[in-house]
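Here is how the chains run, residue by residue.
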Amino acid sequence: MNRVFRNRDVVPFPSLQGFLSRVSLLPKGITLQHKVPTGLDRKETEVYRQLDPERLPKHIAIIMDGNGRWAKRRHMPRVAGHRAGVAAVRSTVETAARIGIHALTLYAFSEENWKKRPKSEVDFLMRLLSRYLKAEVPTLNKNNIRLEYIGRQHELPEDVQERMAWARHSTAQNTGTVLTLALNYSARSELVDAFRSMVNSVSQNGGLEHLRIDEDTVARHLYTSHLPDPDLVVRTSGEMRLSNFLLWQLAYAEIYVTPTLWPDFRGLHLLEGIAEYQKRERRYGGLNGDSHAHSGPSGEMRASMADLAVELRTNGTNSEDDSDSENTDSGNREKLHHSKPHASKVTRKH
Ligand code: FPP
């Protein structure tokens, strides 16, 4: 029978386990187990034990979706789904903080929601947000969570803006997880605002001839300049869209879609998403570490590309094949151009 070695002081992570096994320092049959953060329940603990705590995503972004369907299935009004969604927010935020996720960003309210939903639903969401902020500040402080916002806040009702400012101020001293709520947010508007802000700042600093635009400059003028790019984006309720969420920042993120409707989502589901993220990283090369964002393919990815190139060569793929191959970029573009637009059959919301 396998023995489990528990030692809270040794920092016994799975990667260490692999290393010790390889250099034969770890007797066969002994499994090192990393320390489980306090506060996780039994099921969360089970999933957490499978994770490598050294490779947790630094920033997780979540598109919370499915509140309306959750309510509809129960023959309840849509707003009941939003109300139930608060418990999901609470559980997810607490678990993220407990396991030491650096940043969690929740898409709570898009610009499109604002324009396209009945006023009564929008008003309800605003009241719900206000109540959430008032009730949650003590828990955020207890968990060392700092609150931030992204989106066009100035277009929100004034009393909501005041409550938001109060909650941000009340948690500003916290040094743990940064919880960012996307409120009245649209990625395209964010880019428009970033370009305006770039032009504004040079016009106050020597004029347009000093305008130098590169990726770093754009990133510094986005609402998310306080955050690293997300490593993982989670969407609930099975929809496969980004819905105008963090379009610039998600360029290299892993996407995890779960059929779970948002009001049923809990910290456990977040851990399952992280487990899936860690599997994919092992398969496709890391987005972890600091070098992922703009440095091209990782070592592992480059190795896979090299393997693929060898495979193509050994399978006798020659330049003649290449000329009309579907593997070329132009071949793919052609294929996409002529393929049937399946998506047009799907009823889409934003
Ligand atoms: C999407 O579900 C969800 C929203 C538009 C609102 C999200 C709000 C919450 C989770 C509750 C409060 C949040 C905070 C931060 C206090 P949907 O209505 O589009 O669902 P459907 O696609 O099933 O109709």
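Everything discussed here concerns the structure shown above.
Residues numbered from 1 in each chain as written. Predicted model: local features only at pLDDT ≥ 70, side-chain atom pairs only at ≥ 80, totals over all residues.

Looking only at helices and strands, one finds 13 helices and eight strands in the protein chain. Considering only intrachain contacts with a sequence separation of at least 6, the fraction spanning at least 24 residues in the protein chain is 74%. (Helix = DSSP H or I, 4+ residues; strand = E, 2+ residues; numbered from the N terminus. Contact = placed C-beta atoms within 7 Å.)

Attention now moves to the pairing of strand β5 (residues 146-150). Relative to strand β6 (residues 178-185), β5 runs parallel, the two sharing five bridges. The partner of E148 across the bridge, within β6, is T180. Between β5 and its parallel partner β6, the chain crosses via helix α7 (residues 158-171), and the hand of that crossover is left-handed. (Pairing = 2+ DSSP bridges. Right-handed = clockwise from strand over helix to strand, strands pointing away.)

Turning next to the site of the ligand. The environment of the ligand is made up of 19 residues, and the closest members are N67, G68, R69, G85 and Y132. For the shell around the ligand, the secondary-structure elements that each account for two or more residues are α3 (67-73), α4 (78-98), β4 (103-110) and α6 (119-142). For the shell around the ligand, the element with the highest residue contribution is α4, accounting for four residues. Residue composition of the shell around the ligand, grouped by class: eleven nonpolar, six polar and two charged. (Near = placed C-beta within 6 Å. Nonpolar A, V, L, I, M, F, W, Y, C, P; charged D, E, K, R; others polar.)

Mapped onto the fold, A253 is located in the loop between β7 (232-235) and β8 (254-257). If near-sequence neighbours (up to four positions away) are discounted, A253 is found in contact with P230, D231, L232 and V233.

Right, let's talk about α6 for a bit. Taking 1.5 Å as the rise per residue, α6 with 24 residues should run 34 Å; its terminal C-alpha atoms sit 35 Å apart, in good agreement. Taken residue by residue, α6 has L125, L129, L133, E136 and L140 as its buried positions. Elements in contact with the buried residues of α6: α4, β4, β5 and α7. Where α6 terminates, the next one or two residues include N144, which has phi positive at roughly 60°. (Expected span 1.5 Å × (residues − 1). Buried ≥ 20, exposed ≤ 12 C-beta atoms within 10 Å, placed from the backbone.)

Judged by pairing direction, the sheet is parallel, and its six strands sit side by side in the order β5-β6-β4-β3-β7-β8 without closing on themselves. The two strands at the open ends of the sheet, each matched to only one other strand, are β5 and β8. Direction aside, neighbouring strands of the sheet carry axes that sit 20° apart on average. Taken together, the five bridges between strand β3 (residues 59-63) and β4 define a ladder with parallel strand orientation. (Axes fitted to C-alpha atoms, helices over the stretch in contact; angles between N-to-C directions.)

One finds L106, Y107 and A108 to be the most contacted residues of the largest nonpolar core, which totals 58 residues. With residues near it in sequence (within four places) discarded, L106 still touches I62, M64, V89, L181 and A182. (Core = buried A, V, L, I, M, F, W, Y, C linked by C-beta atoms within 7 Å.)

A few words on the pairing of β6. In terms of burial, β6 is a largely internal element, eight of the eight residues being buried. Where β4 lies against β6, seven bridges are found, and the strand directions are parallel. Bridged to F109 within β6 is L183.

What follows concerns the environment of P37. Looking at the secondary structure, you find P37 in the loop between β2 (30-32) and α2 (42-49). Residues contacting P37, with those up to four places away along its chain left out, are R98 and I99.

With that settled, consider unusual backbone geometry. Phi is positive for N184, close to 50°, though the residue is something other than glycine. Secondary-structure assignment places N184 in strand β6. You will see that L246, though not glycine, has its phi angle at about 45°, which is positive. In this structure, L246 sits in the loop between β7 and β8.

So, on to the packing of α6 against α7. Where α6 meets α7, the closest approach of the two axes is 10 Å, and the angle between their N-to-C directions is 10°. On the basis of their axis angle, the class for α6 and α7 is roughly parallel. Residue-level contacts link M126, L129, S130, L133, K134, V137, L140 and N141 of α6 to V160, R163, M164, A167, S170 and T171 of α7. (Parallel < 35°, antiparallel > 145°, perpendicular 65-115°, else oblique.)

Attention now moves to the packing of α4 against α6. Relative orientation of the contacting elements α4 and α6 amounts to 20°, with a least axis distance of 10 Å. By the angle between their axes, α4 is roughly parallel relative to α6. The handedness of the crossing between α4 and α6 is right-handed. Here R78, V79, H82, R83 and V86 of α4 come into contact with α6, specifically with E121, F124, L125, L128 and Y132. (Left-handed = near helix turned anticlockwise from the far one by under 90°.)

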